[in-house]
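Residue-level listing of the chains:
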Amino acid sequence: EVQLVESGGGLVKPGGSLKISCVASGFTFSKFTMNWVRQAPGKGLEWVSTISSSSTYIYYADSLKGRVHISRDNAKNSVYLQIDGLRDDDTAVYYCARAVGSSSADDFWGQGTLVIVSS
Amino acid sequence: DILMTQSPLSLAVTPGEPASISCRSSQSLLQVNGINYLDWYLQKPGKSPQLIIYMGSNRASGVPDRFSGSGSGTDFTLTISRVEAEDVGVYYCMQALRGLTFGGGTKVEIK
């Protein structure tokens, strides 16, 4: 069974940093591009970042560029997102997702981890 | 940046009746390879988004054939031929040509 399990969310003060993780199972993780997508409470979906299967290609949303860093460890079947300089509007559920926008039906999303930025 | 505009914002449908959602992109999503880089997602209440249509018109695995996607270039439509109660949620279109951009969403409810 394919699974993506995010962790590391929580309450963070403005200006702080956080690193969230996603562990994959049930598929060959090293073959897939991975993504982070977030959703603020009651709002729509916003793409955050994408990393290719071997980390060769990395892309960030312009709105977050300079504050986020995506990485992966294929040996640990894991992908990570580091967010620095957290602001109130970074409060969101952060979803880890496989192969989003890959022109295939390989798309799969985790359940998300909630990050709350508040003093 | 490619902007995605969906309409309507919300839709109340009688079970068994059809429903259509429109999505317009600020740039053509059709490439020379013939692929429209446009996907449709459904986010059911309290759940993660699930892919229902990819490349404009291809149903994802396990998606009922009452769902269909059409359109090309900048104008796309998601059609549900006969809405069922399990189809409620928010539908998003998403472009995958340059980065990923989602439309604002269309909430589908049952009358």
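Please refer to the structure higher up on the page.
Keep in mind it's a predicted model, so treat the numbers as computed, not measured.

Asker: Pulling in residues and values, what's your account of the environment of Ser48(B)?
Answerer: Tracing the backbone through its elements, the reader meets Ser48(B) in the loop between β4 (38–43) and β5 (49–54). The exposure class of Ser48(B) is buried, given its relative accessible area of 9%. When the C-alpha positions of Ser48(B) and Phe76(B) are compared, they lie 23 Å apart, and in sequence the two are 28 residues distant. Those residues in contact with Ser48(B), other than ones at most four positions away along the chain, are Tyr95(A), Trp109(A), Gly110(A), Gln111(A), Leu42(B) and Gln43(B). From its side chain, Ser48(B) meets the backbone oxygen of Gly110(A) in a polar contact 2.6 Å long.

Asker: How would you summarise the environment of Ala96(B) if you had to cite specific residues and measurements?
Answerer: Among the structural elements, Ala96(B) can be located in the loop between β9 (89–95) and β10 (101–102). Given the relative accessible area of 13%, Ala96(B) is considered buried. In this structure, the C-alpha to C-alpha distance between Ala96(B) and Tyr37(B), residues 59 residues apart in sequence, is 5.1 Å. When residues no more than four places from it in sequence are discounted, the contact partners of Ala96(B) are Gly101(A) and Tyr37(B).

Asker: Talk me through the packing of aromatic side chains; I want residue IDs and the actual numbers.
Answerer: Counted under the stated rule, the structure contains seven aromatic pairs over all chains. An aromatic cluster of at least three residues, connected via ring pairs, comprises Tyr95(A), Trp109(A), Tyr41(B) and Phe102(B). In this arrangement the basic side chain of Arg98(A) is found over the ring face of Phe27(A), its NZ or CZ atom lying 4.7 Å from the centre.

Asker: Describe the sheet that holds strand β1 (residues 4–7) of chain B, and please don't skip the residues or the numbers.
Answerer: Residue and element names in this part refer to chain B. Pairing within the open sheet is antiparallel, and its four strands lie in the order β1-β3-β8-β7. In the strand order of this sheet, the two ends are held by β1 and β7 (67–72), each with one partner. Here the strands of the sheet are splayed against their neighbours by 20 degrees on average, with no regard to which way each runs.

Asker: I'd like a description of the state of the cysteines, backed by residues and values.
Answerer: Residues and elements named next belong to chain A. Following the criterion strictly, the structure yields two disulfides over all chains and no others. For Cys-22, the disulfide goes to Cys-96, at an S-S distance of 2.1 Å. The chirality of the disulfide connecting Cys-22 with Cys-96 is left-handed, given an S-S dihedral of about -70 degrees. Within this pair, whereas Cys-22 is found in strand β3 (residues 18–25), its partner Cys-96 is found in strand β9 (residues 92–98), the two being separated by 74 residues in sequence. With relative accessibility at 0%, the residue Cys-22 sits in the buried group.

Asker: Give a description of the environment of Pro49(B) that names residues and reports values.
Answerer: Residue and element names in this part refer to chain B. Mapped onto the secondary structure, Pro-49 falls in strand β5. The exposure class of Pro-49 is buried, given its relative accessible area of 4%. Sequence separation of Pro-49 and Tyr-92 is 43 residues, and the distance between their C-alpha atoms is 8.8 Å.

Reading guide: rules and limits
- Residues numbered from 1 in each chain as written.
- Chains lettered and ligands numbered in written order.
- Predicted model: local features only at pLDDT ≥ 70, side-chain atom pairs only at ≥ 80, totals over all residues.
- Heavy atoms only, no water.
- Helix = DSSP H or I, 4+ residues; strand = E, 2+ residues; numbered from the N terminus.
- Buried < 20%, exposed > 50% of the residue type's maximum accessible area, 1.4 Å probe, protein only.
- Contact = heavy atoms within 4.5 Å.
- Polar contact = N/O pair within 3.5 Å; in protein donor to acceptor, adjacent residues only side chain to side chain.
- Phe/Tyr/Trp six-rings, centres within 6.5 Å; stacked < 30°, edge-to-face > 60°.
- Lys NZ or Arg CZ within 6 Å of the ring centre and 35° of its normal.
- Pairing = 2+ DSSP bridges.
- Axes fitted to C-alpha atoms, helices over the stretch in contact; angles between N-to-C directions.
- Disulfide = S-S within 2.5 Å.

These results come straight from atomic positions and should not be treated as a statement about function.
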